[in-house]
Amino acid sequence: MEALLKGFANFSWQQAVMIVIGLALIILAIKKEYEPMLLLPIGFGCLLTNLPLAAVLANSLGETGFLKVLFNAGIVTELFPLLIFIAIGAMIDFSPLLKQPVMLFFGAAAQFGIFAAMMLAICANAVFPGIFSLREAAAIGIIGAADGPTTIFVGNLFAKDYLGALSVAAYSYMALVPIIQPPVIRALTTKKERRIVMESDFGKPIPKPVLVAFPIIITIVVGFIAPDGVPLVGALMFGNLIRECGVLKRLSESAQNELANLVTLLLGITIGSTMTASTFLRWDTLMILVIGFLAFVFDTAGGVLFAKFINLFLKKKINPMIGAAGISAFPMSARIVHKMAQKENPSNFLLMPAIGANVSGQIGSIIAGAVLISLLV
Amino acid sequence: MVGEMLLQGLKYMGIGVGVVFSVLAVFFVVIKILVRIWPPREDTKQ
């Protein structure tokens, strides 16, 4: 009889709270469609890991549970985020960036949130002494990369205990980009600035040799300048090379569909399994969620203010909203900027330059992650 | 202790922002060179 009741005997209120959080993520994914591909598996992983005795992590015989096996195989080894990067690379078309390479600088400026959030996490030590180490602060800052795989990659190196909170923050705020970014953009720009029309020649296609050479050369350059970023950039560019080479259509489609879907599924549920009550129900987790939110605000502000700064020196002004698209949340951020521009001036089409800034943000966030790894490992 | 961390954080922030801009500036030059070698053309298939 005791054996049958052991589930009830090994259940705490903290686990109940975590199950409610897991269910909330599932509801957000299904009802609100907030990043459902990730929040649903994360929510269910959270539910599984907080059931009595957590057999998904280790069963009563002491054998390793399946989610722990997946964690050791895919997260500890950094394999899942890298496989996701291959899939993302296969999905990205760098043409808008190659047509307007100046957009790269917006991808750099919008990484400001990473470092600002890192500083905030460090400052938190003044109020709660010893709450975050420098490495943990860097892992919290990387939420501002607005890029799930980079967050998981860096978080796994610097703050394993916070991996669940970091991932949930990154993916939730990415889903909330349409709510977070517009007020920040509006607060930092005038109506006149938002109405600036940007013209660009998007009629001429980028020749295939450029599309093929770009991922190869970028990988080599990163290998010399930021060697710690090679796994991330290399995986992204490998996926892109498969896409652009033109002779690996099947592999490109597999990377974009089967690989992306399978790894996303495993990644989500595995990350969810790190959300145990003991690692999640803490004041520092709440602080991570708040700082993560501010990281997105700082990212947006960094990009917009940089665009305004550049405009001081340009005769032909850039619409400063483009700066906000420099975050890595692809393609939501570009769409938001385009929609806002259309609202101000229906004849203004900012989608292509915004996409250019957005893919630059993808590269910029990886480089920022690589820099933090180089500095703190 | 916090002051020390803050200084170190500021240092990493400076290096981080600087390196991200520098690396992307190198990519900018790479793209410019690539586009100069193979300039965009009208799609000949049309």
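Residues numbered from 1 in each chain as written. Chains lettered and ligands numbered in written order. Predicted model: local features only at pLDDT ≥ 70, side-chain atom pairs only at ≥ 80, totals over all residues. Heavy atoms only, no water.

> Any chance you could explain the confidence of the model for chain B here in plain terms?
Do not read the predicted coordinates in detail wherever pLDDT is low. Per-residue pLDDT for chain B has a mean of 88; in total, 89% of the residues score no lower than 70. Reported confidence for the predicted complex is 0.90 by ipTM and 0.88 by pTM. (pLDDT = per-residue confidence, 0-100.)

> What's the story with unusual backbone geometry in this structure? I'm lost.
Most of the time, phi is negative for any residue but glycine, and the peptide bond is trans. All names here are of chain A. Going from F330 to P331, the amide bond is cis rather than trans, its omega being -5 degrees. In this structure, P331 sits in the loop between α19 (321–324) and α20 (332–344). Even without being a glycine, A146 presents a positive backbone phi close to 55 degrees. Of the residues examined, A146 reaches a relative accessible area of 1% and is grouped as buried. (Helix = DSSP H or I, 4+ residues; strand = E, 2+ residues; numbered from the N terminus. Buried < 20%, exposed > 50% of the residue type's maximum accessible area, 1.4 Å probe, protein only.)

> Quick question: what am I supposed to make of the packing of helix α2 (residues 13–32) of chain A against helix α3 (residues 36–49) of chain A here?
Residues and elements named next belong to chain A. At their nearest, the axes of α2 and α3 sit 8 Å apart, and the two run at 160 degrees to each other. Our classification of the angle between α2 and α3 gives roughly antiparallel. Note on packing geometry: the crossing formed by α2 with α3 is left-handed. Contacts from M18, I19, G22, L23, L25, I26, A29 and I30 in α2 reach P36, L39, L40, I42, G43, F44, C46 and L47 in α3. For the contact of α2 with α3, the per-class residue count stands at 14 nonpolar, two polar and no charged. (Axes fitted to C-alpha atoms, helices over the stretch in contact; angles between N-to-C directions. Parallel < 35°, antiparallel > 145°, perpendicular 65-115°, else oblique. Left-handed = near helix turned anticlockwise from the far one by under 90°. Contact = heavy atoms within 4.5 Å. Nonpolar A, V, L, I, M, F, W, Y, C, P; charged D, E, K, R; others polar.)

> Explain the interface of chain B and chain A here, please?
On the side of chain A, 45 residues touch chain B, which itself brings 31 residues to the contact. Summing the contributions of chain B and of chain A, the shared interface buries around 3300 Å²; its carbon and sulfur component is 90%. Between chain B and chain A we count zero salt bridges in total. Counting every contact that joins chain B to chain A gives zero residue pairs in polar contact (both at pLDDT 80 or more). (Buried area = accessible area lost by both parts, 1.4 Å probe. Salt bridge = Lys/Arg side-chain N within 4 Å of Asp/Glu carboxyl O. Polar contact = N/O pair within 3.5 Å; in protein donor to acceptor, adjacent residues only side chain to side chain.)

> Looking at this structure, how should I read helix α11 (residues 163–175) of chain A?
Think of an α-helix as turning once every 3.6 residues; residues three or four places apart then point the same way. Helix length check: α11 of chain A, at 13 residues, gives a terminal C-alpha distance of 18 Å against a target of 18 Å (1.5 Å per residue), a fit within 8%. A large share of α11 of chain A lies buried, amounting to 13 of its 13 residues. (Expected span 1.5 Å × (residues − 1).)

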